[in-house]
Amino acid sequence: MGDGEFNADDLSFLDAVSAGETQDSDLAAERLADLQRVTAEYANYRKRTEANREIERERTVGEVVKVLLPVLDDFDRAEKHGDLAEGPFVSIVAKLRAGVERFGLTPFGTPGDLFDPKIHEAIFQQPSADVQVETVADVVETGYYLGSSLLRAAKVVVAVPNG
């Protein structure tokens, strides 16, 4: 038997305690309480370790993806100017975008969205008679979420109501 493995004889005192067949029931009850405490501590340790592992994975992926954000921005600008309408780079751009989306990178920020200062960074305000509330008029840099975490706020031009 390896370390940490128990056989039926090792835990037989628990059966004796529950049946009331032991003279040393206080010692058995104490050992049972210790076993339950250690089991609970181990379960909590495993939960913490798993949560920390997921946080660290997301942080690491975020650091790698942040390096690619300027490249994605260049692709967006080229697409706006019509430079990616055709040619060999169209498939490369599609592959890169699909690759980062597999890691959980989600772009956001489109004209017409309601302005939210928690996820949008206003770089310019443009008065407009066409809007009743602050609205995104144009997106200068796309914002990104990595999973549920905000990786980068969208830089936007905000249309504000006149008067």
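Residues numbered from 1 in each chain as written. Predicted model: local features only at pLDDT ≥ 70, side-chain atom pairs only at ≥ 80, totals over all residues. Heavy atoms only, no water.

*Asks:* It is not clear to me how the overall build of the protein should be interpreted in this structure. Could you clarify?
*Replies:* If you tally the helices and strands in the protein, you get three helices and six strands. Put simply, the protein runs from its N terminus to its C terminus through helices and strands in the order α-α-α-β-β-β-β-β-β. When burial is assessed residue by residue, the protein has 24% of its 163 residues classed as buried. Look at the contacts in the protein between residues 6 or more apart in sequence, and 63% of them connect residues 24 or more apart. In the form shown here, the protein has an accessible surface area of approximately 11,600 Å², with 54% of it arising from carbon and sulfur atoms. (Helix = DSSP H or I, 4+ residues; strand = E, 2+ residues; numbered from the N terminus. Buried < 20%, exposed > 50% of the residue type's maximum accessible area, 1.4 Å probe, protein only. Contact = heavy atoms within 4.5 Å. Areas by Shrake-Rupley, 256 points an atom, 1.4 Å probe, with all protein chains shown as cover.)

*Asks:* Which parts of the structure should I look at to understand the confidence of the model for the protein?
*Replies:* Close inspection of predicted coordinates is inappropriate in any region flagged by low pLDDT. Chain-level pLDDT for the protein is 87 on average; 85% of the residues reach the 70-or-more range. Ranking the helices and strands of the protein by mean pLDDT puts strand β6 (residues 154-161) first, with 95, and helix α1 (residues 12-19) last, with 63. (pLDDT = per-residue confidence, 0-100.)

*Asks:* Could you clarify how one ought to interpret the sheet that holds strand β3 (residues 135-141) in this entry?
*Replies:* The pairing of strands in a sheet comes from backbone hydrogen bonds and takes either a parallel or an antiparallel form. Judged by pairing direction, the sheet is mixed, and its three strands sit side by side in the order β2-β6-β3 without closing on themselves. Since the sheet does not close on itself, it has two edges, and those belong to β2 (120-128) and β3, each with one partner. Shown here is a sheet whose adjacent strand axes are inclined to one another by a mean of 25°, direction ignored. Note that β2 and β6 share eight bridges and pair parallel. Each bridged residue has a counterpart across the sheet, and for S128 the counterpart in β6 is P161. (Pairing = 2+ DSSP bridges. Axes fitted to C-alpha atoms, helices over the stretch in contact; angles between N-to-C directions.)

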